[in-house]
Every structure is written in C-alpha cells, then in structure tokens.
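Observations on the model geometry
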Amino acid sequence: MNTKNLSLQIAIAEKAVDLFHLEQALRTASADLRDACAEFRRKHNQGDYIPRDSELHEQMREATGMEFEAYNDAKRNVRNAKRRLDTAIRSLLGKEGQS
C-alpha cells in the first residue's frame, strides 16, 4: 500500500463519517417536520390526514415551511454526501487497479 492509497482511504473514512452525521440530521429534520405537521393537525382538530387539495393543507404547508425546507436541505445534503463518498471509493478502486 502506498501513501496515495492511504490518503484515499482516509478521505473515504472522513466522507463516511460525514455521511453518518448528515443521515442523523436527516432523521432529526424528518421527525421535526412530522411533529410540526402533527401539531398543526392537533391545533386544527384534524385527524391523521388532510387532503392535499384542501385549503387547510395549504395552511399546514405554510405553517411548517421552515421544517419542510430544513427537511429538503437535509435530503439534499445526504444525496451530495453519498455522491462524494461514491466518487472517493471509485477513485480508490481505480488507483488500486493501476497498482
């Protein structure tokens, strides 16, 4: 093993840890959105479902906008981290194939 491969392996490990943390953040954002929607439904005496084409659904989307945006940001961050990890792994495998 040469130092180039070692540095690639370290980069992969760092990217994997980053992905782990971002997946945790996604779970938190998802729970926050779910809780915000549940709170909205509770305040408006609704059950588990509000039809998408209703005015109340639009109000819920507006009321939970920050949570929804945080959830979408977290999903995007996870997608990007997975792509970075995949790229780093392919780089290592490409280098090992040339050794």
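Residues numbered from 1 in each chain as written. Predicted model: local features only at pLDDT ≥ 70, side-chain atom pairs only at ≥ 80, totals over all residues. Heavy atoms only, no water.

Residues Leu56, His57 and Met60 constitute the buried set of helix 2 (residues 55-63). Down the axis of helix 2, the buried side of the element spans an arc of 100°, and every buried residue falls inside it. More than 90 degrees from the buried face of helix 2, the exposed residues found are Glu55 and Glu62. The secondary structure elements touched by the buried residues of helix 2 are helix 1 (3-43). (Buried < 20%, exposed > 50% of the residue type's maximum accessible area, 1.4 Å probe, protein only. Helix = DSSP H or I, 4+ residues; strand = E, 2+ residues; numbered from the N terminus. Arc of directions from axis to C-beta. Contact = heavy atoms within 4.5 Å.)

Here the focus is the layout of surface pockets. Considered as a void within the structure, the largest pocket measures approximately 260 Å³ in volume. Looking at the largest pocket, the residues that line it are Leu33, Cys37, Arg41, Asp48, Tyr49, Ile50, Arg52, His57, Met60, Arg61, Thr64 and Phe68. Elements with a minimum of two residues in the lining of the largest pocket: helix 1 and helix 2. Split into classes, the residues belonging to the lining of the largest pocket amount to six nonpolar, two polar and four charged. (1 Å grid on protein atoms, 1.4 Å probe; cavity = no way out; pocket = protein on both sides within 12 Å on 5 of 7 lines; lining within 4 Å. Points joined across faces, edges and corners; volume = space filled by probe spheres on them. Nonpolar A, V, L, I, M, F, W, Y, C, P; charged D, E, K, R; others polar.)

Before going further, it helps to spend a moment on the pattern of salt bridges. One pass over the full model with this rule turns up three salt bridges. Here glutamate 39 ties to arginine 42 by a salt bridge, and the two come within 2.5 Å at their closest N and O atoms. Here the residue glutamate 39 and the residue arginine 42 both occupy positions in helix 1, the gap between them amounting to three residues, near one helical turn. Here arginine 42 falls in the exposed class, since its relative accessible area comes to 51%. (Salt bridge = Lys/Arg side-chain N within 4 Å of Asp/Glu carboxyl O.)

Counting eleven residues, the largest nonpolar core is built from Leu8, Ile12, Leu19, Leu26, Ala29, Ala74, Val78, Ala81, Leu85, Ala88 and Leu92. Breaking this core down by element, the ones donating at least two residues are helix 1 and helix 3 (65-98). Each residue touching isoleucine 12, except ones within four places of it in the same chain, is listed here: Leu85, Ala88, Ile89 and Leu92. If you look at the next biggest cluster of nonpolar residues, it comprises six residues, including Cys37, Ile50, Leu56 and Met60. (Core = buried A, V, L, I, M, F, W, Y, C linked by side-chain atoms within 4.5 Å.)

Take the side chain of arginine 41 next. Take arginine 41: it is sitting in helix 1. The buried charged residue arginine 41 lacks any salt bridge partner; its closest oppositely charged side chain belongs to aspartate 48, at an N-O distance of 4.9 Å. (Lys, Arg positive; Asp, Glu negative; His and termini not counted.)

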